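# Working through the structure, step by step
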Amino acid sequence: MQTLKADTRRRILSVSRKLFMKKGFRETTTRDIASEAGITLSNLYHYFSSKDELFSQLLKPATDALEGMLDEHHGIKGYDISYINEDSYIDKTLEEYMAAIRKYRSLLKLLLLKSQGSSLEGFKEYYVDKATRLVLDWLKAMKEKHPGINTGISDFFIHLNNVWMFTLLEEILMHDLTEDEIRSVMSDYIKFVVIGWRKMIQI
């Protein structure tokens, strides 16, 4: 019985993924999803209380991955700022982005381009605000640890830096770049950002 329920849940998620990708969150109905999944509408609600919960659960692997990357770089587990001076930092950051895009490309497309009308429509703004706060706290902690660095960087510039990252992802997803094209543009972007930060922080 549990196996049957798990199979039905996976089928609902698979079908909804295709429909959300084709029509977007707003235009996809729970009736569409139930019909495609071969179940009744009431049975669909047995697994997910609403279309929004279904959408959020579908996208959870991608949103969790983005949150994890933020925490690793600037949260509790954030790198020491001296690490950005090492060439391996650029390589590691590039591979993190490439792995996330490779694994969650379709989910990121749903999140950033097809989520209008859902509770995740404002995820970009939420993430940018959270990232800005974390970076500011991280810079403060790094200043205490490395008094000689320059942290006189405006809050709004840090905010914009986080917005630019999402803009880059949106453009990559909208234009359906190949993996080689993505690697090339991501490499250029990361080098540009990291070298800029090195100069500004003076570490």
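## Focus: the packing of aromatic side chains
Across all of its chains, the model carries 11 aromatic pairs by this definition. An angle of 55° between the planes, with centres 5.7 Å apart, marks the rings of F123 and Y126 as tilted. Placement of both F123 and Y126 in helix 6 (residues 123-145) is noted, with a separation of 3 residues, approximately one turn of the helix. For F123, a relative accessible area of 7% corresponds to the buried category. Judged by its relative accessible area of 37%, Y126 is partly exposed. Each member of the aromatic cluster is reached from another via a ring pair, and the members are F123, Y126, Y127 and F166. Here the basic side chain of K51 rests over the ring of F25, its NZ or CZ set 4.3 Å away from the ring centre.

## Quick word on the environment of L110
Within the secondary structure, L110 is located in helix 5 (residues 87-113). When the C-alpha atoms of L110 and F20 are compared, they prove to be 7.2 Å apart, with 90 residues separating the residues in sequence. Setting aside residues up to four positions removed in sequence, L110 forms contacts with R17, F20, M21, F55, L58, L59 and S115.

## Some remarks on helix 7 (residues 155-174)
Because each turn of an α-helix spans 3.6 residues, side chains separated by three or four positions in sequence point in the same direction. In a regular helix each residue adds 1.5 Å, so 20 residues correspond to 28 Å; helix 7 covers 29 Å between its end C-alpha atoms and thus fits that length. For helix 7, the complete set of buried residues consists of I158, N161, N162, M165, F166, L168, L169, E170, I172 and L173. Those residues of helix 7 hidden inside the fold are in contact with helix 5, helix 6 and helix 8 (179-201). Two residues or fewer past helix 7, D176 is found with a positive phi of approximately 50°.

## Quick word on the environment of I33
Take I33: it is sitting in helix 2 (residues 30-37). I33 sits in the buried class, given a relative accessible area of 0%.

## Quick word on the confidence of the model for the protein
On average, residues of the protein score 93 in pLDDT, and 97% of them are at 70 or above. Looking across the protein, the model is least confident in helix 4 (residues 51-74), with a mean pLDDT of 92, and most confident in helix 2, with 97.

Rules used in this analysis
Residues numbered from 1 in each chain as written. Predicted model: local features only at pLDDT ≥ 70, side-chain atom pairs only at ≥ 80, totals over all residues. Heavy atoms only, no water. Phe/Tyr/Trp six-rings, centres within 6.5 Å; stacked < 30°, edge-to-face > 60°. Helix = DSSP H or I, 4+ residues; strand = E, 2+ residues; numbered from the N terminus. Buried < 20%, exposed > 50% of the residue type's maximum accessible area, 1.4 Å probe, protein only. Lys NZ or Arg CZ within 6 Å of the ring centre and 35° of its normal. Contact = heavy atoms within 4.5 Å. Expected span 1.5 Å × (residues − 1). pLDDT = per-residue confidence, 0-100.

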